[in-house]
Amino acid sequence: MDLSLLQRTYSDLLSSLFTEGILNQQFTELQQLQDENNPGFVYEVVSLFFDDAGRLINELGSNLNQQVVDYKKIDAHVHQLKGSSASIGAQRIRNVCQGFRDYCEANDPQGCFSCMQQLNQEFLTFKSKLETLFKVEQQIVASGGSVPMIQ
């Protein structure tokens, strides 16, 4: 694929992530921390988020399926996920976590299950879209180009 087309594809993908509310300005700030000394910084940080969030979501699912649900424990996991999602700009995941915490505080099992389903969906969407973005980024770099940034 032509380098300029790859760069335009990347810009369009990134713009759509902001337009859809999947990412917020924090992701742009994360990108600004990346430089020639650490060209894979954003990829590494987001990959760590994928691993950590996946683990937390699995633990949340297990905790919600217990005979006696420990809402304080669930809230602690959701709080951790909310913080890590906020730190990389995963806006929709952060938003779901906020609502999830409200249901934990109210000891509301139906609300928690609903948020758990929404959290799973948002995480899968986020991961899929960011993986696509990173693949295009890798193609740009392999073609000798620079990755465009949104201001």
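- The chain carries the name Histidine-containing phosphotransfer protein in an unreviewed UniProt entry, which gives Carex littledalei as its organism.

## Topic: the UniProt feature "modified residue: Phosphohistidine" (unreviewed entry) in the chain
Part 1 of the argument: In the UniProt entry, the feature "modified residue: Phosphohistidine" (unreviewed entry) is given for His 79.
Part 2 of the argument: In this fold, His 79 is placed in helix H4 (residues 71–88).

## Some details on unusual backbone geometry
Part 1 of the argument: Of note, the phi angle at Asn 107 is positive, near 50 degrees, even though the residue is not glycine.
Part 2 of the argument: Relative to the assigned elements, Asn 107 resides in the loop between helix H5 (91–105) and helix H6 (109–142).
Part 3 of the argument: A residue is classified by how much of its surface remains accessible, and Asn 107, at 46% relative accessible area, is partly exposed.

## Some thoughts on the packing of helix H2 (residues 25–32) against helix H3 (residues 41–64)
Part 1 of the argument: Where H2 contacts H3, the two axes come as close as 8 Å, and the packing angle between them is 130 degrees. With respect to H3, the element H2 is oriented oblique. When the axes of H2 and H3 are compared, the crossing they make is right-handed. Counting all contacts with H2, which are made through Phe 27, Leu 30 and Gln 31, the residues of H3 involved are Phe 41, Val 42, Val 45 and Val 46.
Part 2 of the argument: Residue classes in the contact of H2 with H3 are distributed as six nonpolar, one polar and no charged.

## Some details on the pattern of salt bridges
Part 1 of the argument: Under the criterion given, the structure shown has five salt bridges.
Part 2 of the argument: Among the salt bridges present, the one from Lys 129 reaches Glu 20, with a minimum N-O distance of 3.1 Å. Residue Lys 129 is located in helix H6, and its partner Glu 20 is located in the loop between helix H1 (3–19) and H2; the two are separated by 109 residues in the primary sequence.
Part 3 of the argument: The salt bridge involving Arg 101 is made with Asp 75; its shortest N-O contact spans 2.8 Å. Taken together, the residues Arg 101 in helix H5 and Asp 75 in helix H4 connect sequence positions 26 residues apart.
Part 4 of the argument: The structure contains a network of salt bridges with shared partners spanning Asp 52, Arg 55 and Glu 59.

## Describing the UniProt feature "domain: HPt" (unreviewed entry) in the chain
Part 1 of the argument: Here the UniProt-annotated "domain: HPt" (unreviewed entry) positions come out as residues 38–137.
Part 2 of the argument: Annotated as 86% helix and 0% strand, the span residues 38–137 places its first and last C-alpha atoms 15 Å apart.

## Overview of the side chain of Ser 85
Part 1 of the argument: Tracing the sequence through the fold places Ser 85 in helix H4.
Part 2 of the argument: When neighbours within four sequence positions are excluded, Ser 85 is seen to be in contact with Phe 49, Ala 90, Ile 93 and Arg 94.

## Side note on the nonpolar core
Part 1 of the argument: Phe 100, Phe 126 and Leu 130 are the most contacted members of the largest nonpolar core, which totals 39 residues.
Part 2 of the argument: Those elements that provide at least two residues to this core are H1, H2, H3, H4, H5 and H6.
Part 3 of the argument: Among the elements that line this core, the one with the most residues is H6, at eleven residues.
Part 4 of the argument: Ignoring any residue separated from it by four or fewer positions in sequence, one finds Leu 130 in contact with Leu 17, Leu 23, Phe 27, Val 46 and Phe 50.

Rules of the game
Residues numbered from 1 in each chain as written. Predicted model: local features only at pLDDT ≥ 70, side-chain atom pairs only at ≥ 80, totals over all residues. Heavy atoms only, no water. UniProt positions renumbered as here; feature names shortened; annotations may be inferred. Helix = DSSP H or I, 4+ residues; strand = E, 2+ residues; numbered from the N terminus. Buried < 20%, exposed > 50% of the residue type's maximum accessible area, 1.4 Å probe, protein only. Axes fitted to C-alpha atoms, helices over the stretch in contact; angles between N-to-C directions. Parallel < 35°, antiparallel > 145°, perpendicular 65-115°, else oblique. Left-handed = near helix turned anticlockwise from the far one by under 90°. Contact = heavy atoms within 4.5 Å. Nonpolar A, V, L, I, M, F, W, Y, C, P; charged D, E, K, R; others polar. Salt bridge = Lys/Arg side-chain N within 4 Å of Asp/Glu carboxyl O. Core = buried A, V, L, I, M, F, W, Y, C linked by side-chain atoms within 4.5 Å.

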